[in-house]
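Descriptive analysis of the structure
The residues making up each chain are set out below.
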Amino acid sequence: MARWCYRHRLVVLLLWVGALFGVGFAGSTAGTNYANVFSLPNTDSKSAYDLMEKAFPESSGDTDTIVWKVDEGSVRDESVQSRIEPALNEIAGMGGVGEVTSPYAGAGGAAQISENGRIAYAQVTFTEQANAVPKELVEDVVETAQDAERDGLQVELGGQAITRVQEAAQGTSELVGVLAAAIVLFLAFGAFFAMLLPIVVAVVALGIGIMGTGLLSHVTNVPDVAPLLGSLIGLGVGIDYALFIVTRHRRGILRGMKPEEAAVKALNTSGRAVLFAGGTVVIALAGMLVMNLRFLDGVVIATSLTVVLGVLAAVTMLPALLGLLGMRVLSRRQRRRLAAAGPEPEHASGPAARWSAYVERRPRSIAAVALLVMVGLSIPVLSIRLGTSDQGNHQESTTTRQAYDLLAEGFGPGFNGPLQVVVDGEATPGLVSRIESTEGVAEVAALPPANGISVIQVVPTTSPQDAETDRLIDRLRDDVIPAADVEAHVGGVTAVSKDFASVTADRLPYFVAAIIALGFLLLMVAFRSLVVPLTAAVMNLVAAAASFGVLVAIFQWGWGTELLGVGKEGPIAAFLPVIMLSLLFGLSMDYQVFLVSRMHEEWVHTKDNARAVRVGLAETSRVINCAALIMMCVFSAFILSGELEAAMAGIGLAGAVALDAFILRTALVPAAMHLLGNSNWWLPAGLEKRLPHLAVEPREEETEPAMEGGASVVHGFIRTADGEPVAGAAVTLLSKGGRQLDRVTSLADGSYILSVPAPGAYLLATTAASYGSRARHVVVEDGPLVYDVELAEGEVDAVN
């Protein structure tokens, strides 16, 4: 497939461009129909909601609030009314506004003015729900209301529709993330075209994915946060997957391969790992379905779609682009050096190789330090509290946050999140009096029965996100209502949020168990081991705990929340652990697959665990760290989205990726594998026979058998730098892929002779006690090859 895409590059690129413009045109024509649908069956708030629908079958549109405050005097003053009333009348006359409830209209409006007379509010009810209200109408409402301001008169607006018009421009965070990723890629590759490749692939796949998600919102319920989360994961994995393949392709060219063969080799090695890694991400995302929360179904659709398209673009569009660029995927300096000095040697060197050797020498101390850091960062997770963010968490500069604070100041903190006790029948005076005398209740108002349903409005003394408000809901449900001997349920936005958090927390263990079990099975099949997937599962849990610890410290404890510009501290969004764990487990599996697949390849060929771990880490750590840095840039940029939940997810995932790549995969995992030794690759014989074979790395091509008389030998002497023979040195002949072909021990005079199956390029490795090791490439032609090896005392070769 890679070769076909490389040779038919124009066809492949036209198909992708056609798909992008086709889906984009369809998406812009159809628009979007996002809907936040919370399905909480068998919960008290759902029963209350069902009764409310029965009482008020004509569902009204979204209701938002206009709040004003005077510095001196009263809001009843003529000078204030003369500015506010014309604005309210103008808003009431706008098309799409159903009703405006003013505090200046009749005796009932007095309840909309605070006790000190300095704060008042009006309610604006639109004819549509918040998502369907035209943005231009909301902007007109905001402009008209705030035009009434003057010195000493502050006007602010709150509500769901108002929130939509103050969101940051869509695409800002994605653009910043792409620019940051471009800088990292340019520093990594040093070539402009190579830097562009991963970005082009990711952006095209993401564009189709987001437009496709918008189209799917017409046929299924997709929440409005889904495309943002789809962008978050799609952009990150899209760039990373292309990065892995482009890195392998460039390495092949630098080592002497033709561009087409390098592309085919890259897709047949790193491309396989990308397919496998993308599959693990999608499986981890699909694990959200275990939660059985309808709200998450649309998130699964959006995120999975962008990941699948990212993988498809990486394995089809990328080889076409590589064919278009040819040798220009290298920088001019690299092309000149390749022409002048020839291919680079096939072994890892530099800081990555030195770090890998250091981990091998000190696995215990490195594992201890890394584990200590991760455990320390995990401590805050013990105090995690799930909930739902509201306008009280918005940035202080926003009008919604100002309106929220003014209402809390004038009418009490619980006014922003009233509870509704819904009675199937008539509310008894005993129930109302019991609620009034309940601790934590500030105000109670019983509404007249409608369609046989009674509603009691309950205003708590504490804010919607306060833990005391949750305890009040429990007291009403467990003590007050049963004591009144009536059928009643506690509802309202605050109660729904509490029930959603409770349901999420109850089902979270099943979700975690499901995705860990699936990941364990996939890794066990891929790497034919029980210990490797078990290590990965433990590391994923450690990474999750540490990342949530960081999240709690920032967003729940408020360590730097205002500094980051993401609003006020509060509970962690209830749906965030599910989404974050899905993404985190998927990305962790990515890095585990890329790291361990190289180790496993080396283990299969040499059966030397220390060498396998050392070589695997040396050859993959740099690209994993580069990929992680790109992910961190992309995720961190979502702080600019204006969405608190997206900022939480962005910071949480950026921290998780940093910890996973720089501490777990670079230090703790290889150190643990060195300590575990050959048991890393243990699999019971009975299980080995029953498991299907799934190769992440391609089968090594067997060396063609030599024609009669074609077999040859490599022979020579092993000597020291002084010319002294080295007896007992182990001399090994390996294929280009690292498979052992022959192994002998040098004789007393230092001589050795190895059999060669056919002419070609091989690796000759020599090791001897108290001497350094040497590994060199040799090319055997038609006849025997004489090759002497010189060993120096204390020297260590990068490969060995």
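Summarised in this report is the structure supplied together with it. (Residues numbered from 1 in each chain as written. Predicted model: local features only at pLDDT ≥ 70, side-chain atom pairs only at ≥ 80, totals over all residues. Heavy atoms only, no water.)

**What to know about the packing of aromatic side chains**
To describe a pair of aromatic rings, you give the distance between the ring centres and the angle between the ring planes. Applying the stated criterion across every chain, the model contains 8 aromatic pairs. Relative to Phe411, the ring of Tyr121 has its centre 5.2 Å away and its plane inclined at 85°; by these criteria the two rings are edge-to-face. A residue pair is termed long-range when its members are at least 10 positions apart, and Tyr121 in strand β3 (residues 119–126) and Phe411 in helix α15 (residues 399–411) qualify at 290 residues. The exposure class assigned to Tyr121 is buried, which follows from its relative accessible area of 9%. Relative to Trp681, the ring of Trp603 lies with its centre 5.7 Å away and its plane at 15°, an arrangement referred to as stacked. Separated by 78 residues along the polypeptide, Trp603 in helix α21 (residues 576–606) and Trp681 in the loop between α23 (644–676) and α24 (685–690) bring together distant segments of the chain. Residue class for Trp681 comes out buried when judged on its relative accessible area of 8%. Chaining the aromatic ring pairs together yields one cluster made of Tyr121, Phe411 and Phe415. Here Arg9 stacks its cationic end above the ring of Tyr6, 5.5 Å away from the centre of that ring. When the ring centre of Phe193 is taken as reference, the NZ or CZ atom of Arg328 above it lies at 5.8 Å. (Phe/Tyr/Trp six-rings, centres within 6.5 Å; stacked < 30°, edge-to-face > 60°. Helix = DSSP H or I, 4+ residues; strand = E, 2+ residues; numbered from the N terminus. Buried < 20%, exposed > 50% of the residue type's maximum accessible area, 1.4 Å probe, protein only. Lys NZ or Arg CZ within 6 Å of the ring centre and 35° of its normal.)

**Section: the pattern of salt bridges**
Any two side chains of opposite charge can pair, given that their charged atoms come close. The final tally for this structure, using the stated rule, is 15 salt bridges. Taking the shortest distance from any N to any O, the salt bridge between Glu468 and Arg471 comes out at 2.7 Å. Pair noted here: Glu468 and Arg471 are both in helix α17 (residues 467–484), with a separation of 3 residues, about one helical turn. The class for Arg471 is partly exposed, based on a relative accessible area of 40%. Residue Arg611 is joined to Glu602 by a salt bridge in which the shortest nitrogen-to-oxygen separation is 2.7 Å. (Salt bridge = Lys/Arg side-chain N within 4 Å of Asp/Glu carboxyl O.)

**Quick notes on the nonpolar core**
Within the largest apolar cluster, 163 residues are counted, with the highest numbers of intra-cluster contacts made by Met288, Leu296, Phe511, Phe555, Ile630 and Phe635. Val100, Ala120, Val138 and Ala148 belong to the second largest nonpolar core, which has 30 residues in total. (Core = buried A, V, L, I, M, F, W, Y, C linked by side-chain atoms within 4.5 Å.)

**Points about a negative patch on the surface**
Judged by side-chain charge, Glu90, Glu136, Glu139, Asp140, Glu143, Asp147 and Glu149 come together as a negatively charged surface patch. Considering every element that reaches the negative patch, the biggest residue donor is helix α5 (residues 135–146), with 4 residues. Following the sequence through the fold, Glu143 ends up in helix α5. (Patch = residues over 30% accessible without salt bridge, like charges linked within 9 Å, V, L, I, M, F, W, Y side chains within 5 Å. Areas by Shrake-Rupley, 256 points an atom, 1.4 Å probe, with all protein chains shown as cover. Lys, Arg positive; Asp, Glu negative; His and termini not counted. Charge placed at Lys NZ, Arg CZ, Asp CG, Glu CD.)

**Some remarks on the side chain of Thr280**
Topologically, Thr280 is positioned in helix α10 (residues 259–286). If we skip the residues at most four places from it in the chain, Thr280 touches Leu522, Gly586, Met589 and Asp590. (Contact = heavy atoms within 4.5 Å.)

**Digging into the sheet that holds strand β7 (residues 441–446)**
What links the strands of a sheet is backbone hydrogen bonding, and the strands pair in either a parallel or an antiparallel sense. A sheet is described by the order of its strands in space; here 4 strands give the open sequence β7-β8-β6-β9, paired in antiparallel fashion. The sheet terminates laterally at β7 and β9 (488–491), the two strands that pair on one side only. Neighbouring strand axes in the sheet, compared pairwise and without regard to direction, differ in orientation by 20° on average. Two elements, strand β6 (residues 419–424) and β9, share 4 bridges in a ladder whose sense is antiparallel. By the bridge assignment, Val422 is partnered in β9 with His489. (Pairing = 2+ DSSP bridges. Axes fitted to C-alpha atoms, helices over the stretch in contact; angles between N-to-C directions.)

**So, unusual backbone geometry**
What is expected of a backbone is that most residues other than glycine have negative phi and most peptide bonds are trans. Despite not being glycine, Asn451 shows a phi value in the positive range, around 55°. With respect to the helices, strands and loops of the structure, Asn451 is situated in the loop between β7 and β8 (453–460). Classification of Asn451 by relative accessible area gives exposed; the value is 52%. Phi at Arg528 is positive, roughly 50°, even though this residue is not glycine. With respect to the helices, strands and loops of the structure, Arg528 is situated in the loop between α18 (493–527) and α19 (531–556). The exposure class of Arg528 is buried, given its relative accessible area of 13%.

**A short note on a nonpolar patch on the surface**
Taken together, the side chains of Trp4, Val11 and Leu15 present a nonpolar region at the surface, about 320 Å² in accessible area. In this structure, Val11 sits in helix α2 (residues 9–30).

**Side note on the environment of Ile481**
Along the polypeptide, Ile481 turns up in helix α17. Separated by 65 residues in sequence, Ile481 and Asn416 place their C-alpha atoms 23 Å apart. Ignoring anything within four residues of it in the chain, the contact list for Ile481 reads Val421, Leu431, Leu476, Val486, Ala488, His489 and Val490.

**Some points on empty space enclosed by the protein**
One pass over the structure, following the stated rule, counts 4 cavities of 30 Å³ or more. In this structure, the largest cavity occupies an estimated 190 Å³ of space. Contributing to the lining of the largest cavity are 14 residues, with Arg248, Arg251, Ser270, Phe594 and Thr620 lying nearest its centre. Looking at the lining of the largest cavity, the elements that each hand over two or more residues are α9 (226–254), α10, α21 and α22 (609–636). Class assignment of the residues belonging to the lining of the largest cavity gives a composition of 4 nonpolar, 4 polar and 6 charged. Approximately 110 Å³ is the volume attributed to the second largest cavity. Lining of the second largest cavity is provided by 16 residues; of these, Ile515, Ile516, Gly519, Phe520 and Met589 occupy positions nearest its centre. Elements represented by at least two residues in the lining of the second largest cavity include exactly α10, α18, α19 and α21. Of the residues forming the lining of the second largest cavity, the biggest block, 7 residues, is contributed by α18. The class makeup of the residues in the lining of the second largest cavity is 13 nonpolar, 3 polar and no charged. (1 Å grid on protein atoms, 1.4 Å probe; cavity = no way out; pocket = protein on both sides within 12 Å on 5 of 7 lines; lining within 4 Å. Points joined across faces, edges and corners; volume = space filled by probe spheres on them. Nonpolar A, V, L, I, M, F, W, Y, C, P; charged D, E, K, R; others polar.)

Structural measurements only, silent on function.
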